[in-house]
Amino acid sequence: MIQSPAGKSVTTEIFRLARGGRAVGRHADGRVLFVAGAVPGDIVEAEVTLESERFLEARVTKVLTASPHRVAPPCPHFESCGGCPWQNVSYGEQIAQKQAILKDTLIRGRAISKDEAELFQEFHASPKEFRYRSRVTLQKRTNGQGTEIGFNRRESNDFVAIDDCLLAREELIPFARDIATSSGSKVRDRFQVAIDEHGKLAVGGAFTQVNFEQNQKMQSLVADLVASHIHNRSEIVHWHFLDLYCGNGNLTFPTIEKVRETMPDKVIEATGVEQTEESILDARKNPRAQQCRFYAEDVEDWLTRQKSGPSGQVTKKGLPLDEIVLLDPPRVGCTKGVMMKIARRKPSLVIYVSCDPATQARDLARLRETFTQMKARYDVETIAGLDLFPQTDHIESIVTFRRKAN
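Residues numbered from 1 in each chain as written. Predicted model: local features only at pLDDT ≥ 70, side-chain atom pairs only at ≥ 80, totals over all residues. Heavy atoms only, no water.

**Looking at the pattern of salt bridges**
Short version of the rule: Basic side-chain nitrogens of Lys or Arg form a salt bridge, by our definition, when they fall within 4 Å of a carboxyl oxygen of Asp or Glu. In this text, helices come from DSSP runs of H or I with a minimum length of four residues, and strands from runs of E with a minimum of two, each type numbered from the N-terminal end. To sort residues, take the accessible area from a 1.4 Å probe on protein chains only and compare it with the maximum for the residue type: under 20% means buried, over 50% means exposed, and anything in between is partly exposed.
Across all of its chains, the model carries 28 salt bridges by this definition. Here E51 ties to R31 by a salt bridge, and the two come within 2.9 Å at their closest N and O atoms. Highlighted residues: E51 in strand β5 (residues 43-51) and R31 in the loop between β3 (23-26) and β4 (32-36), separated in sequence by 20 residues. We classify E51 as buried; its relative accessible area is 15%. When its relative accessible area of 15% is taken as the criterion, R31 is described as buried.

Listed below in structure tokens is the structure:
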């Protein structure tokens, strides 16, 4: 990288948004230009902050022609905080851009073909554009004038004091301030506050999805995919639902309940695997955990211990048995070994839920490669997106592969 001379400016038209929160234009010499603070459709003047042989980075200094998608960011901390880089983009355009980014990432990563991209169902917008976060992590700073709470500036360790956060549920920031500034406060300089679905406030807490409404949508989408697949396979009575990176059963329980309620003639058992022991203990305590087995173990280690999947086998009573695999890994995705071992189980359906399309594309490309080597025929069945984090560049997605009869 070559740091550009201070004051070097460029003029460009912005044609899309990109992962990482920046907008994309084109330098006069053809290089890609990533511009912070710009909106698709803008024509802007920008100061170059970083330059390489292939691309440049810049920040907007003047909007020459404003895009019809440009809106006034409602948060007074928008410029200084940077945690919500798309607040100046209309919400409808945010959704359109996220859908385009997801498709492009999956195609470029060879997870799907251009033809398969036409199977894209819908990008599900959040019913709340603001005030959706049920959990936030804050910084505390004490100086001569008292204690302040805030965030670190995006891509920086600089502290930004805040009066409010428009993404957080209304109760969270006042609660956090009371906790941090109370006499004898014991919260650390970095601390987390959360509110559950019943309105109970707490410091810290186990991992949960931060957008209640969109989490319910995700639960419904996964449960419907599984139920539809089982319904269409009338010859299979006994099913195994394998939930890898299952957390506390966030997707396990709604899915098996849906099948049991709508198809009481089917038998579905579930196995959940998750490395975090605290989450597995929560899952085991759940009253819905009957006919479920949960393991606190590394996913690849657990798969290594298993001889094979149940697909194509029969139960002790001679009934055909098949398997559905759900993957919901952390942002780093799955190891190559995990994808190879899943392929060798030959499940009739693979559902991959991801919070990072780039690692999802990498993992699914590996899965397809292993399927091809095994001469197993799998087709992309559905592609969908969800917006769990409005005003940011984060994307949640669901891709399913269905096994075809050889």
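**What to know about the sheet that holds β4**
Condition: Pairing between strands is defined by DSSP: at least two bridges between the two strands are required.
Taken in spatial order, the six strands of this open sheet run β1-β5-β6-β4-β3-β2, and their pairing is mixed. Strands at the two margins of the open sheet, each flanked by one partner only, are β1 (9-13) and β2 (16-17). Here five bridges tie β4 to strand β6 (residues 55-65), and the two strands are oriented parallel to one another. Its bridge partner being in β6, V35 is matched across the sheet by A58.

**Brief notes about helix α3 (residues 172-181)**
Worth spelling out the cut-off: Along the arc lie the directions from the helix axis toward the C-beta atoms. Any two residues whose heavy atoms approach within 4.5 Å at even a single point are treated as in contact.
Here α3 has its buried residues at L172, I173, F175, A176 and A180. Taken down its axis, α3 places every buried residue within 160 degrees of arc, on the same side. Contact partners of the buried residues in α3: β8 (135-143), β9 (146-152), β11 (190-195) and β12 (201-203).

**Remarks on the sheet that holds β11**
Two orientations exist for strands paired in a sheet by backbone hydrogen bonds: parallel and antiparallel. Note the cut-off: Axis lines are fitted to C-alpha atoms, over the contacting stretch for helices. Their N-to-C directions set the angle, which ranges from 0 to 180 degrees.
Read across the sheet, five strands follow the order β10-β9-β8-β11-β12 without closing on themselves; strand pairing throughout is antiparallel. The sheet terminates laterally at β10 (159-161) and β12, the two strands that pair on one side only. Within the sheet, the average angular offset between the axes of one strand and its neighbour, ignoring direction, is 40 degrees. Bridge analysis of β9 against β10 gives three bridges, and the strand direction is antiparallel. Bridge assignment links N152 to a residue of β10, and that residue is F159. Contacts between α3 and the sheet are confined to β8, β9, β11 and β12, with β11 contributing the most and set at about 135 degrees to the helix.

**As for the packing of helix α2 (residues 91-108) against helix α9 (residues 357-373)**
For clarity, the cut-off: The scheme is simple: roughly parallel for angles under 35 degrees, roughly antiparallel for over 145, roughly perpendicular for 65 to 115, oblique for anything else. When the near helix sits turned anticlockwise from the far one by under a right angle, the crossing is termed left-handed; a clockwise turn instead gives a right-handed crossing.
Two numbers describe how α2 lies on α9: the axes approach to 8 Å, and their chain directions differ by 30 degrees. One element, α2, and the other, α9, form an angle in the roughly parallel class. When the axes of α2 and α9 are compared, the crossing they make is right-handed. For the pair formed by α2 and α9, the contact residues are L102, T105 and L106 on the first element and P357, A358, Q360 and A361 on the second.

**Digging into the packing of aromatic side chains**
Condition: Pairing of aromatic side chains requires ring centres within 6.5 Å, counting the rings of Phe and Tyr and the six-membered ring of Trp. Pairs whose planes differ by under 30 degrees are stacked, by over 60 edge-to-face, and all others tilted.
Counted under the stated rule, the structure contains four aromatic pairs. Between F371 and Y378, the ring centres sit 3.7 Å apart and the planes meet at 5 degrees, which makes this aromatic pair stacked. You can call Y378 buried: its relative accessible area is 7%.

**Quick notes on α9**
Put simply, the rule reads: The span one expects for a helix is its residue count, reduced by one, times 1.5 Å. Under the rule applied, a polar contact is a pair of N or O atoms within 3.5 Å (in protein, one hydrogen donor and one hydrogen acceptor; residues adjacent in sequence only if both atoms are side-chain atoms).
Taking 1.5 Å per residue, 17 residues should reach 24 Å; α9 reaches 24 Å between its end C-alpha atoms and fits that length. In this structure, the buried side of α9 is in contact with α2, α8 (336-345), β18 (349-354), β19 (378-386) and β20 (396-403). If you check the start of α9, you find a side-chain oxygen 2.9 Å away from the backbone N of A358, and it comes from D356. Positive phi shows up at K375, right after α9, with a value of about 60 degrees.

**A word on the pairing of strand β14 (residues 267-274)**
Under the convention used in this document: Consider the strands pointing away from the viewer: the crossover is right-handed when the path from the first strand over the helix to the second runs clockwise.
Summarising burial for β14: six of the eight residues are buried, a large majority. Where strand β13 (residues 238-244) meets β14, seven bridges bridge the pair, whose relative direction is parallel. Within β14, the residue paired with W239 across the bridge is I268. Handedness of the β13-helix α5 (residues 252-262)-β14 crossover: right-handed.

**Considering the environment of K285**
With respect to the secondary-structure elements, K285 resides in helix α6 (residues 277-285). Sequence separation of K285 and E129 is 156 residues, and the distance between their C-alpha atoms is 34 Å.

**Description of unusual backbone geometry**
For residues other than glycine, phi is negative in most cases, and the peptide bonds are mostly trans. For K375, which is not glycine, the phi dihedral falls at a positive 60 degrees. Relative to the elements of secondary structure, K375 occurs in the loop between α9 and β19. Residues other than glycine seldom take positive phi values, yet Q391 does so here, at roughly 75 degrees. Positionally, Q391 belongs in the loop between β19 and β20.

**Remarks on the nonpolar core**
The line we're drawing: Only buried residues count toward a nonpolar core. Its members are Ala, Val, Leu, Ile, Met, Phe, Trp, Tyr and Cys residues joined through side-chain atoms within 4.5 Å.
Residues L138, I351 and I398 are the most contacted members of the largest nonpolar core, which totals 54 residues. A per-element tally of this core places helix α4 (residues 212-232) first, with seven residues. For L138, the residues in contact, after removing those within four places along its chain, are G150, F151, I162, I173, A176, D189, R190, F191 and V193. By size, the runner-up hydrophobic cluster in this structure holds 52 residues, among which are Y245, W302, I342 and Y352.

**What to know about the environment of V299**
Among the secondary structure elements, V299 is positioned in helix α7 (residues 299-305). Measuring from C-alpha to C-alpha, the distance between V299 and C334 comes to 8.9 Å, with 35 residues separating the pair along the chain.

In short, geometric facts, not functional conclusions.
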